[in-house]
Amino acid sequence: MTSSTPVRRQVQRFGLAGIGSAVLFVSIAGPAAAATDVVIPLQPSEVVLSALPVENFGAMDPMTMADPSAGGVFTPVEVQYSGTLEVEVPADLDDTAAEVELSFDDDGDGSYDVTYSSALLPADPFFLAVTGQGTGTLSVTLPADDSTGVDDATLFVEPLTDTLGTALEYYDPVAYELTFDAAAPATVTVTPELLAFSQVPCDVTSGVRCPFPTPVTAGSTVTLDLTAASPLRELGLPDLTGVEVGLVDLDANGDPTGAAAPLATQVAGSRATFVLPAGTAAGQYGVVVAQQAPSGAVSVVLVEVTVVAADTPAVVPPAAPTTQAVTGNAGLRSNTGVTAPAAEGATGFAAAGAGLLVLAGAGGLALARTRRRPAVEDGTDQA
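Every chain's residues receive numbers from 1 upward, in the order its sequence appears when written. A pLDDT threshold of at least 70 governs which residues receive local features in this predicted model, and a stricter bar of 80 or more applies before side-chain atom pairs are shown or counted, although totals over entire chains, interfaces and linings include all residues. The side-chain quantities take in all heavy atoms of the structure and omit both hydrogens and water.

A.B. asks: How should I be thinking about the overall build of the protein chain in this particular structure?
C.D. replies: Starting at the N terminus, helices and strands are each numbered in turn, a helix being any DSSP run of H or I of at least four residues and a strand any DSSP run of E of at least two. Across its full length, the protein chain carries six helices and 24 strands. In this scheme, a residue with accessible area under 20% of its type's maximum is buried, one over 50% is exposed, and one in between is partly exposed, where area comes from a 1.4 Å probe on protein chains only. By the burial criterion, 54% of the 383 residues in the protein chain qualify as buried. All accessibility values rest on the Shrake-Rupley procedure with a 1.4 Å probe; residue burial counts only the protein chains present in the view. When the accessible surface of the protein chain is split by element, carbon and sulfur atoms take 55% of a total near 14500 Å².

A.B. asks: Help me understand unusual backbone geometry in this model?
C.D. replies: Trans is the prevailing form of peptide bonds, just as negative phi is the prevailing case for residues other than glycine. The omega angle of the peptide bond from E158 to P159 is -5°, so this bond is cis rather than trans. Looking at the element boundaries, P159 is found in the loop between β10 (152-158) and β11 (161-162). That bond from V200 to P201 is cis: its omega, 10°, falls within 30 degrees of zero. Locating P201 in the fold gives a position in the loop between β15 (193-199) and β16 (216-225). Of note, the phi angle at S82 is positive, near 65°, even though the residue is not glycine. Considering the arrangement of structural elements, one finds S82 in the loop between β3 (77-79) and β4 (84-88).

A.B. asks: Sorry if this is basic, but what is going on with the sheet that holds strand β7 (residues 114-117) here?
C.D. replies: What links the strands of a sheet is backbone hydrogen bonding, and the strands pair in either a parallel or an antiparallel sense. A pair of strands counts as paired when DSSP detects no fewer than two bridges linking them. Taken in spatial order, the five strands of this open sheet run β3-β13-β10-β6-β7, and their pairing is mixed. If you trace the sheet from one side to the other, it starts and ends with β3 and β7, each paired once. Neighbour-to-neighbour, the strand axes of the sheet open up by a mean angle of 30°, direction not taken into account. Sheet topology note: the strand β6 (residues 99-104)/β10 ladder contains five bridges and is antiparallel. Each bridged residue has a counterpart across the sheet, and for L102 the counterpart in β10 is L155. Here an angle of 0 to 180 degrees is reported between the N-to-C directions of two axes, which are lines fitted to C-alpha atoms, with helices fitted over the stretch in contact.

A.B. asks: It is not clear to me how the state of the cysteines should be interpreted in this structure. Could you clarify?
C.D. replies: Should the sulfur atoms of two cysteines be covalently bonded, the bond is a disulfide. For this text, the term disulfide refers to a pair of cysteine sulfurs within 2.5 Å. Under the definition given, this model contains one disulfide. Paired by a disulfide, C202 and C210 hold their sulfur atoms 1.7 Å apart. The sign of the -60° torsion about the S-S bond sets the C202-C210 disulfide as left-handed. Here C202 falls in the buried class, since its relative accessible area comes to 14%. With relative accessibility at 12%, the residue C210 sits in the buried group.

The following block contains the structure:
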């Protein structure tokens, strides 16, 4: 086989670079009085879960993900033909019903030409042997080299379901880009990282901008409160120990203009405080609140705040229309059949909403679903 760079990789790269815009800071509120001490409850009504293939993109840095100029360094996972790939499923996901597909784009047109699947009958030449369902570790026996096509492939793992509450929703699949090399180890292990994205005070999938209703005075103290009822506690977060906070300027559309600047944060149990720098110019800013749970899951909570200078009345732009039609975005469907909506005509999140789930592999899944070989569905080879 020969090597190529399929179109789907470019899609995933764009998904990574755009994830900040995909999940960050959307909203415009009505006028309100500024406050010198503001408490922000970290109690989102919705938490979107996805699995980041860290071996492809590297560990996520929440403070730089908002930077529209920051592109991820893409690295395919090197594996052997006839070798074994072990997929360590994140602790909060159930892999009991998981199936695996391995797809090759031989002509580089973005459409998969050959797909191996664990859903096929063992006698099928495109059957992919997978064991370990229900154990948290899936063992995939990779196919032999057929000496045709390319040496690059995409691995999809689905369906997976989260074992958490109803406020948390996982979106399939886990997706990895692989390249086959005889020099690679015979057994390779990958460990995708569970990401939990949320926004307050409105849902991260709402598609409308919604800054925190109370503007904040530059130089004042802001308190973050992990409430007792917060669904973030289901990730195994007992308090805010280890939390990181960053501040990023937003443009007129609510999109971040660069990387978030870290802010010194003082933690006391379930509360954390930081001081908004006194020299912060009036305007719209995004606050990034990131924390890793003992399970390894990374929580990122996003808040847009309106900053005003001391002794300056708060002037917030008129509320943006929120009555646009809400449509399902193709490819953003979870294994439960729930679609993450995006408001038509919205900026910020809605404009780049695919980035969040493309990063998790859902963009590639959409492509695979529309071009999947019938063999995967009826158990007969129709390559």
